[in-house]
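The chain contents come next:
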Amino acid sequence: MAISSLVQNVSYAQIAAPLIVAAGAVAVLVAEVFLPVRRKQLVSWLSLVVLAGAAAPDIALWPGRTTGTFCMPQSAAGLYSLGAGEPHGMPSTCSYVADRFALIFQFVALAGAFIVVLMSAASMKRDRIPTGEYHFLLLSSVAGALVLAAARDLITLTIALETVSLPAFALVGLKRWSGRSSEAALKFFLVSVASTAVMLFGISLVYGATGNVHFAPVALHLHALSSGTNGPMRHLAYLGVGMTLVGFGFKVSAVPFHFWTPDTYAGAPVPIAAYLSVVSKAAGFAGLILLTGTAFSPLLDKTGPLLAVLAALTMSLGNLVALRQQDAVRLLAWSTIGQAGYILVPLAAHDSVSYTKHINASVAYIIMYAAMNLGAFAVVHSVHATSLDAYRGLAKTRPLASAALAFFLLCLAGLPPGLMGLFAKVAVFGAAAGSHLVWLAVVMAVNVVIALYYYLSWTARLFAAPDAATASVGRSPATLRFAIGLTMLAAVVFSVWPQSALGAF
Amino acid sequence: MTGHGPAVAAVGNTAATGSNGTYFSTYSVVGILLLLGVAFVATAFGANRLLSPHAPSPEKLLTYECGVDPVGEGWAHTQVRYYVYAFLYAIFAVDAVYLFPWATIFAAPGFKGTTLVEMFVFLGFLAVGLLYAYKKGVLAWL
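Note that this is a predicted model, so its numbers are computed, not measured.

Cut-offs applied
- Residues numbered from 1 in each chain as written.
- Chains lettered and ligands numbered in written order.
- Predicted model: local features only at pLDDT ≥ 70, side-chain atom pairs only at ≥ 80, totals over all residues.
- Helix = DSSP H or I, 4+ residues; strand = E, 2+ residues; numbered from the N terminus.
- Rg over C-alpha atoms; globule rule 2.2 N^0.38 Å.
- Buried ≥ 20, exposed ≤ 12 C-beta atoms within 10 Å, placed from the backbone.
- Contact = placed C-beta atoms within 7 Å.
- Domains from an automatic or database assignment.
- Expected span 1.5 Å × (residues − 1).
- Nonpolar A, V, L, I, M, F, W, Y, C, P; charged D, E, K, R; others polar.
- Axes fitted to C-alpha atoms, helices over the stretch in contact; angles between N-to-C directions.
- Parallel < 35°, antiparallel > 145°, perpendicular 65-115°, else oblique.
- Left-handed = near helix turned anticlockwise from the far one by under 90°.
- pLDDT = per-residue confidence, 0-100.

Provide a residue-level description of the overall build of chain A, including the pertinent values.
Helix and strand counts for chain A come out as 20 helices and two strands. The C-alpha atoms of chain A give a radius of gyration of 23 Å, which matches the 23 Å a tight globule of 505 residues would have. Counting only C-alpha atoms, chain A reaches 80 × 60 × 40 Å along its principal axes. Burial analysis of chain A (505 residues in total) assigns 57% to the buried set. Contacts in chain A between residues at least 24 apart in sequence constitute 81% of all its contacts with a sequence separation of at least 6.

What follows is the structure, given as structure tokens:
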């Protein structure tokens, strides 16, 4: 009897980006221990080369492939179908698909990590952060984010999410001399582990109810269950879906799963806070969109209202608490919670028609949010002061950095000339209205007005008269200025040509 | 092991008949075994307490260390250096576990050279970890 190969075919072109980053992570670790002490700076450049190099195969793949790799053999795939006479044909059982959605999030992750490495290049010595370990952990986490966006089964999704999170715990605690850094790392670790446990339990229930891990067959079975008569099994599946979404709620720090965020951001090195707020959060949203849009799509009428409530709570609490913050990083932390609420709005659609029609608003918001938030964190890192009062009169001593920060804050607020933020918010409003969620659009409008206060009061401080509390800051290192320049460039491009982000997906 | 067999058989039954009753009723064997175990230990210790004479003296109340009088306290210092070694050992022991299932199938039909290469990629990552530990001076004694 001839036995066909049990080894899955691997399309190396599709998995090139995460492979390059993963191999680069190992190369960086080895390079650092062999480099002489005064040459350790080269590791930062090596990381930048790896991240830029990983974007190349993704550019070659654009606009993405619909067939994936790591697919189940056809003989085995038969086991996964619903049985003879099913109307939907053979569902896809590929674990990794580098389609348009995946490539967009991979670009966001690579670009975000590129900026983070640039931000931290000159401050490693000042903050006494071990260079090799820092870049190894960062690249490992990025590799996880790249896989997560392309994951098309629950197991790959979980492993990728853990690959994003585990190095991040260590990154947060890398300022080993700082008690706050260790506290932040411990809090982040405990909350994240608890959320992973909840998510794994949810996934195991989903698997138990559907007998599948690949998204397409899971969706077929959930559809059959939700219209079928097997009551207990249906409720088991609903419980599993809910718990899985709760796990991702922690990752994107949606209220009520947000409380780790401000402490973790404040304790972590600022570039790592930027990384968590952009790359890690984008990865969480990618997973959330993949689950609600594909695997759990038959249950949109159940998950939609749940996510609508989460979105309303997240933006309201995030913006209200941000009003009272006196610390720059903490304010940005609460602001990212508020922004996460806006991103959740298009996911709250109740039916698959409006979901697929409006999900591009979420994707566009994430792309634009990445540019403006990284920019704001980069300027905060260059000022190197925690109190908001330290920013009084900064426009006198650091006019360019102040102008950049003012622009990013106006983008986050959604006011001209920060047109990017305005377009992103209008797109989300359109999604809420198009999904007949008028109450959510109203809540969001109120929140945008509340957020104006703290963004504008920070901006106003920049142009006020300097006083005793003003930080005395010299010229930033060239790499940091380059990082601010890149984010500024992205912000300006998205402001004058928003279609590049809005039409990306 | 005895409690395991019926449960496994019952999983097969459930798949065939779709009934949950037989599946959970086989757990009664586990429950009875648990009760028997508790009863056995309780009876043995209870009988010992009831039947044995009780005449303590300071020597008898000493901690028993193979008949030698105990010296010092129960707390002992361990060189912190062992911690790293214990860590390395645990990592490699856990990683080695992956070698066993691989060893049983890599020569089986359907698995080609790819499977062999995959394991060496995995071992390569372990070697990099060891190299890193060596260069950081973790493996040097003192």
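Now, onward.
Describe the overall build of chain B, with residues and values.
In terms of helices and strands, chain B carries seven helices and zero strands. Reading the helices (α) and strands (β) of chain B from amino to carboxyl end gives α-α-α-α-α-α-α. In chain B, which comprises 142 residues, the proportion classed as buried is 0%.

Break down the domain arrangement of chain A for me, with residues and values.
Residue and element names in this part refer to chain A. Splitting chain A by domain gives domain 1 (11-71 + 89-267) and domain 2 (296-505). Its C-alpha centre places domain 1 at a distance of 22 Å from the equivalent point of domain 2. In this assembly, 28 residues from domain 1 lie in contact with 36 residues from domain 2. At the level of elements, α4 (100-121), α8 (215-227), α9 (231-251) and α10 (261-267) are the ones that each hand at least two residues to the side of domain 1 that touches domain 2. If one sorts the elements of the side of domain 1 that touches domain 2 by residue count, α4 sits on top with nine residues.

Give me α4(A): which residues, what numbers.
With 22 residues, α4(A) should cover 32 Å at 1.5 Å per step; its first-to-last C-alpha distance of 31 Å lies within 8% of that length. Summarising burial for α4(A): 21 of the 22 residues are buried, a large majority.

Please give an account of the interface of chain B and chain A that cites residues and values.
The interface of chain B with chain A comprises eleven residues on the first partner and nine residues on the second. Looking at the side of chain B that touches chain A residue by residue, the classes come out as five nonpolar, three polar and three charged.

Help me get a handle on the environment of Gly124(B), residues and values and all.
Here Gly124(B) shows up in helix α7 (residues 113-135). Residues Gly124(B) and Thr63(B), spaced 61 residues apart in sequence, show a C-alpha to C-alpha distance of 49 Å.

An account of the environment of Val117(B) is needed here, citing residue identities and associated values.
Residue and element names in this part refer to chain B. Checked against the element boundaries, Val117 lands in helix α7. We classify Val117 as exposed; it has 10 C-beta atoms within 10 Å. Sequence-wise, Val117 and Gln79 are 38 residues apart; in three dimensions their C-alpha atoms are separated by 40 Å.

Can you tell me about the packing of helix α14 (residues 352-383) of chain A against helix α17 (residues 419-434) of chain A, naming the residues and giving the values?
Residue and element names in this part refer to chain A. Contact pair α14 / α17: the axes reach a minimum separation of 9 Å and the direction vectors enclose 160 degrees. The orientation of α14 with respect to α17, classified from their angle, is roughly antiparallel. As α14 packs across α17, the resulting crossing turns out to be left-handed. The segment α14 lies against α17, with Ser354, Lys357, His358, Ala361, Ala364, Tyr365, Met368 and Met372 engaging Met420, Gly421, Ala424, Ala427, Val428, Gly430, Ala431 and Gly434. Classifying every residue of the contact of α14 with α17 gives ten nonpolar, five polar and one charged.

Hey, could you go over the packing of helix α13 (residues 328-344) of chain A against α14(A) for me, with residue numbers and the actual values?
Residue and element names in this part refer to chain A. Closest axis-to-axis distance for the α13/α14 pair is 11 Å, and the angle between their directions is 175 degrees. With respect to each other, α13 and α14 are oriented roughly antiparallel. Each of Ala328, Val329, Leu332, Thr336, Gln339, Tyr342 and Ile343 in α13 lies in contact with α14, whose residues at this interface are Ser362, Tyr365, Ile366, Tyr369, Asn373, Ala376, Phe377 and Val380.

Pulling in residues and values, what's your account of unusual backbone geometry?
Residues and elements named next belong to chain A. With an omega of 5 degrees, the peptide bond between Trp62 and Pro63 qualifies as cis. Of note, Pro63 is situated in the loop between α2 (42-61) and β1 (69-71). A positive phi angle, close to 55 degrees, is found at Phe70, a residue other than glycine. Considering the arrangement of structural elements, one finds Phe70 in strand β1. A positive phi is found at Arg128, a non-glycine position, where the angle reads about 50 degrees. Looking at the secondary structure, you find Arg128 in the loop between α4 and α5 (131-150). Given 11 C-beta atoms within a 10 Å radius, Arg128 is considered exposed.

Before we move on, could you go through the confidence of the model for chain A and cite the residues and values that matter?
Per-residue confidence for chain A gives a mean pLDDT of 89, with 95% of residues at or over 70. When the criterion is pLDDT under 50, residues 77-89 of chain A qualifies, and its contacts beyond four places in sequence or with other chains add up to 15 contacts.

Give a detailed account of helix α7 (residues 179-210) of chain A, specifying residues and quantitative values.
Taking 1.5 Å of rise per residue, 32 residues should cover 46 Å, and α7(A) covers 46 Å from first to last C-alpha, within 8% of that figure. After α7(A) finishes, the residue Gly211(A) shows a positive phi value of roughly 75 degrees.

How would you explain the confidence of the model for chain B if you had to name every residue and give the values?
Low pLDDT marks stretches whose predicted atomic positions should not be read closely. All names here are of chain B. Counting all residues, the mean pLDDT for chain B is 79, and 85% of those residues have values of 70 or more. When mean pLDDT is taken per element in chain B, helix α3 (residues 27-51) scores highest with 95 and helix α1 (residues 4-17) scores lowest with 41. Per-residue pLDDT stays below 50 along residues 1-18; that stretch engages in 13 contacts with residues further than four places along the chain or on separate chains. If you check the scores for this complex, the pTM reads 0.86 and the ipTM reads 0.79.

Describe the environment of Ile337(A), and please don't skip the residues or the numbers.
Residue and element names in this part refer to chain A. Position of Ile337 relative to the elements: it lies in helix α13. Sequence separation between Ile337 and Pro262 is 75 residues, and the spatial gap between their C-alpha atoms is 9.2 Å. Residues in contact with Ile337, not counting those within four places in the same chain, are Ser253, Val255, His258, Thr261, Thr314 and Gly318.

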